[in-house]
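Topology and contacts: notes
Given next are the chains, with one letter for each unit.
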Amino acid sequence: MKKILVLLVCVAVLFTVFTACKGGDKKDDGSTAKYSSTKIETDEAKIANGDAINLIKSYSKDELGLSEKEMKECSFLVANEGTEYKNNNYVVVIATIKTEHEDKNEEGEDITTYTFDNKGEYYIRFDGKQILARNGDSEFRELKVKAVPTTTQPSTEKATTAKSEKETTTKKKK
């Protein structure tokens, strides 16, 4: 009787081990993905570049979820590429505080490094009928859509979307 019981326990353990290790053929249907990794050109967007920056800057600090100090110190940058969120394409505007640091590289040359501390992300749907805001890791909240303040000349403020809260870039001094 003991031998049969031991044999059944061994079979049960082996069955459990092989079932757990199998892993299965799980397919990613994209239902849990928040963002698209596909490059999305913003040429089709009604509000882009300088107009997107001006639109976001037209909101109050409270609407943007920024403190008074952050609002004064932030630069607003528009991403070079759009992003997809919940089956819609968006232009992304980032509110970031840029800090300059003087340093030396490994060769002893003077360099300037910059730290970008992202304070908010703002998503403008390509058709201009929805604006989403997010600060830090918070959930998106919807902002009331306003008329777009237009620019008289194209803005040169562009950046790639930074997914981290802090990002550093380096530039050699001449």
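Computed from a predicted structure; not experimentally measured.

**With respect to the packing of aromatic side chains**
Counting across every chain of the model gives 4 aromatic pairs. When the centroid spacing of 4.7 Å and the interplanar angle of 55° are considered together, the rings of Tyr85 and Phe140 count as tilted. One end of the pair, Tyr85, is in strand E2 (residues 83-85); the other, Phe140, is in the loop between strand E5 (131-134) and strand E6 (141-143), and 55 residues separate them in sequence. Classification of Tyr85 as buried rests on a relative accessible area of 11%. Measuring from ring centre to ring centre gives 6.0 Å for Tyr90 and Tyr123, while their planes differ by 70°; the resulting arrangement is edge-to-face. Of this pair, Tyr90 sits in strand E3 (residues 88-104) while Tyr123 sits in strand E4 (residues 110-125), placing them 33 residues apart in sequence. A single burial state applies to Tyr90 and to Tyr123, both of which are buried. Aromatic ring contacts, followed pair by pair, group Tyr85, Tyr90, Tyr123 and Phe140 into a single cluster. A cation sits over an aromatic face here: Lys98 above Tyr114, 4.4 Å from the ring centre.

**Some words on helix H2 (residues 49-57)**
Listed as buried for H2 are Gly50, Ala52, Ile53, Leu55 and Ile56. Buried positions along H2 lie against helix H3 (61-64), strand E1 (75-79), E3, E4 and E5.

What counts, and at which threshold
- Residues numbered from 1 in each chain as written.
- Predicted model: local features only at pLDDT ≥ 70, side-chain atom pairs only at ≥ 80, totals over all residues.
- Heavy atoms only, no water.
- Phe/Tyr/Trp six-rings, centres within 6.5 Å; stacked < 30°, edge-to-face > 60°.
- Helix = DSSP H or I, 4+ residues; strand = E, 2+ residues; numbered from the N terminus.
- Buried < 20%, exposed > 50% of the residue type's maximum accessible area, 1.4 Å probe, protein only.
- Lys NZ or Arg CZ within 6 Å of the ring centre and 35° of its normal.
- Contact = heavy atoms within 4.5 Å.

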